[in-house]
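Descriptive structure summary
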Amino acid sequence: MTMMSRLAALLALMLAAGVGRGAAQTFRTDDPVIRRMWVEGMERSHLEPLAQVLLDSIGPRLAGSPSFTAATDWLLGVYRSWGIEVRKEQFGTWRGWRHGVVHVDLVAPRVETLEAKILAWSPGTGGRAVEGEVVAVPEFASASEAAAWLPSVRGKMVLASAPEPSCREPQAFERWARPETFARYQQEREAIQASWRRRLGALGENPHRRLEEAGAAAVLTLRWSGGWGVNKIFNAETQRIVSVDVSCEDYGMLYRLAVHRQGPRVRIFAEAESLGTVPVFNVIAELRGTELPGEYVVLSAHLDSWHGAQGATDNGTGTLTMLEAMRILKAAYPEPRRTILAGHWGSEEVGAVGSRAFVEDHPEVVENLQVLFNQDNGTWRVELIETQGLAKAGGNMARWLAQLPEEVAGGVRLEVPGRQENTGSDHVSFLCRGVPGLRLQSPYPDYRQYTWHTNRDTYDKIVFDDLKTNATLAAMLAYAASEDPERVPRDRAVLPADPATGEPRAWVPCRPARRSYEPQP
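Residues numbered from 1 in each chain as written. Predicted model: local features only at pLDDT ≥ 70, side-chain atom pairs only at ≥ 80, totals over all residues. Heavy atoms only, no water.

So, on to the layout of surface pockets. Empty space left among the atoms is revealed by rolling a probe the size of a water molecule over them. The calculated volume of the largest pocket comes to roughly 520 Å³. Looking at the lining of the largest pocket, the elements that each hand over two or more residues are β1 (85–108) and β10 (265–287). Top contributing element to the lining of the largest pocket by residue count: β1, with four residues. Of the residues that constitute the lining of the largest pocket, the class distribution is 10 nonpolar, nine polar and six charged. Taken as a whole, the second largest pocket spans an internal volume of roughly 380 Å³. (1 Å grid on protein atoms, 1.4 Å probe; cavity = no way out; pocket = protein on both sides within 12 Å on 5 of 7 lines; lining within 4 Å. Points joined across faces, edges and corners; volume = space filled by probe spheres on them. Helix = DSSP H or I, 4+ residues; strand = E, 2+ residues; numbered from the N terminus. Nonpolar A, V, L, I, M, F, W, Y, C, P; charged D, E, K, R; others polar.)

Here it is in structure tokens:
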């Protein structure tokens, strides 16, 4: 039995155990489709077992990694098991990479295992551990002084980020400390950050590459997210030596040991493998329209993630929302008026490449798009839909929302025409062409700080009651949009003023899909 077959069998068992949970409802209409959708989405939800397989068994889904390919294959299998047409569309290639065991240890002046993550696409340590003295980039009087210092890093582990004076959550620090204490902390932090901007600036345009060229054994970095134990985990700048991100607490310890000349040494064992150039894909599921098959409603979410955790809220939750919405639609509305697509985009985290490529490859969808709903911002219930600068789209949206049960849509605020502020996700690939690419927006109280691109973006952060509501909302909106006798207007409003210029904000521009990776010099 293949891994994907085992996962499918496990999913079937979990689904059998989880169906039948009830929930209250306040229907606003007698529409039997809405009632069937409520039962499927709120009483027969498949979300928890789907999430467990995607996030625990498959895990993070970095562009170009085997785990991303496994996730695409898993989606194909799930959709086909539900009788939904689905396909993979290759849109380009990317740099293949996977990592294995990573161990980072302080070995002097004492022994301690450190919390660390290898950065994406970093080289490993070649099947052996590397060990070296830990040094920090110092202050330089000039670029020539920096150049003179560089040979001293040969064989050493170089701290290449600013340390944090405190790894306490800032809002907790501000709440409990004396005002003067918190103000002093802020001043100290600003001074440290400014010092490190000067230090790294003296090393040139790509400091990590300069350290690599000078013979450093490894680059150690810190990108603290401002929360307890939370770092942002992105990609390496090095090409031949290992780069690891170290937790805020452990990085600060290494820095203090180094600047006080207490002989810190670190040993790193990191398995990582470059897999060359590999294909990357979108997964497109389809419920074919019966009356207007050439017009489209699109449910949208990116499948890829960074690799520092499980990619649960960015964007496992969006993926699961649209996957479950399609299941609900298939069960309750199997013959839609317009064609309903679910786009599970690849390579969003490296430039929304998958959705941009889809738009370039499918002008017929763009031309005949009724509406796209994108979800890409963590857990919690959808609270806002703005019409993204489309002046007359609010009429359609208001009619759709008015049909839905209070428990599903009652907390959703409709903003017309909208500010078009949040332009960092796949809806923009469509919106930039003036078509209705909308966001199903959840609140952000802790998403940016704690789970977005971090080492803590894990299954346990999902609030499944809210996710169930979101998936049901997405399915019901897709149904309402599919049935609407009127097309969504594309008239553009004058956008609110840009605070930087005082002039109306320009419409978000379109950018070409970057369909392959070219290393920067």
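Moving on, we get to the nonpolar core. Burial of nonpolar side chains together is a common tendency in soluble globular proteins. One finds M37, Y79, M326, L329 and L477 to be the most contacted residues of the largest nonpolar core, which totals 77 residues. Take this core: its biggest share by element is 12 residues, from helix α17 (residues 464–483). Discounting chain neighbours no more than four positions away, the residues touching M37 are M42, I328, L329, A332, Y333, T472, A475, M476 and Y479. Residues A120, A202, W224 and V353 belong to the second largest nonpolar core, which totals 65 residues. (Core = buried A, V, L, I, M, F, W, Y, C linked by side-chain atoms within 4.5 Å. Buried < 20%, exposed > 50% of the residue type's maximum accessible area, 1.4 Å probe, protein only. Contact = heavy atoms within 4.5 Å.)

Okay, the pairing of strand β9 (residues 242–246) next. Of all five residues that make up β9, five are buried, and the element is covered over most of its length. Burial along β9 is two-sided: the residues V242, V244 and V246 and S243 and D245 are all buried. In this sheet, β9 lies alongside strand β3 (residues 116–118) in antiparallel orientation, the contact comprising three bridges. Across the sheet, residue K117 finds its bridge partner in β9, namely D245. Judged from the four bridges that link them, strand β6 (residues 218–221) and β9 form a sheet pairing that is parallel. Its bridge partner being in β9, V219 is matched across the sheet by S243. (Pairing = 2+ DSSP bridges.)

Taken as a whole and assessed by the stated rule, the structure comprises 29 salt bridges. A salt bridge links R327 to E40, with the nearest nitrogen and oxygen atoms 2.7 Å apart. Taken together, the residues R327 in helix α10 (residues 312–332) and E40 in helix α2 (residues 32–43) connect sequence positions 287 residues apart. Overall, R327 belongs to the buried group, its relative accessible area being 6%. Since its relative accessible area comes to 12%, E40 is described here as buried. Taking the shortest distance from any N to any O, the salt bridge between R189 and E164 comes out at 2.6 Å. Taken together, the residues R189 in helix α7 (residues 179–202) and E164 in the loop between β5 (157–159) and α6 (170–176) connect sequence positions 25 residues apart. Each of the salt bridges in this network shares a partner with another, and the network as a whole consists of E40, R44, E324 and R327. (Salt bridge = Lys/Arg side-chain N within 4 Å of Asp/Glu carboxyl O.)

This next bit is on the state of the cysteines. Applying the stated criterion to the full structure yields two disulfides. Disulfide pairing is shown between C167 and C248; the S-S distance is 2.1 Å. Every disulfide takes its handedness from the sign of the S-S torsion; for C167 and C248 that torsion is -85°, giving left-handed. Of this pair, C167 sits in the loop between β5 and α6 while C248 sits in helix α9 (residues 248–259), placing them 81 residues apart in sequence. Note on C167: relative accessible area 14%, which makes it buried. Shown here is the disulfide that connects C432 with C510, its sulfur atoms set 2.0 Å apart. Here C432 and C510 share a disulfide; its torsion about the S-S bond, 100°, makes the bridge right-handed. With C432 in the loop between α15 (427–431) and β16 (437–439) and C510 in the segment after α17, this pair connects stretches of sequence that are 78 residues apart. (Disulfide = S-S within 2.5 Å.)

Looking now at the packing of α10 against α17. One way to put it is that α10 packs onto α17 with a least axis distance of 8 Å and a crossing angle of 55°. In this view, α10 runs oblique relative to α17, as classed from their interaxial angle. Crossing of α10 against α17: the hand is right-handed. Counting all contacts with α10, which are made through T317, L320, T321, M322, E324, A325, I328 and L329, the residues of α17 involved are L467, N470, A471, T472, A474, A475, A478 and Y479. Here the contact of α10 with α17 is built from residues that sort into 11 nonpolar, four polar and one charged. (Axes fitted to C-alpha atoms, helices over the stretch in contact; angles between N-to-C directions. Parallel < 35°, antiparallel > 145°, perpendicular 65-115°, else oblique. Left-handed = near helix turned anticlockwise from the far one by under 90°.)

Turning to the confidence of the model for the chain, a few remarks are in order. Across the chain, pLDDT averages 95, with 95% of residues at or above 70. Taken as a whole, residues 16–22 scores under 50 in pLDDT and shows nine contacts with residues more than four places along the chain or in a different chain. (pLDDT = per-residue confidence, 0-100.)

Quick look at unusual backbone geometry now. Following A108, the chain continues to P109 via a peptide bond in cis, the omega torsion being 5°. By secondary structure assignment, the location of P109 is in the loop between β1 and β2 (112–113). The residue after V416, namely P417, is reached through a cis peptide bond having omega -5°. The backbone of R261 shows a phi angle near 55°, a positive value even though the residue is not glycine. Tracing the chain through its elements places R261 in the loop between α9 and β10. Of note, A352 is a non-glycine position whose phi angle comes to about 50°, a positive value. Examined against the element boundaries, A352 turns out to sit in the loop between β12 (338–345) and α11 (353–361). By relative accessible area, which is 9% here, A352 ends up buried.

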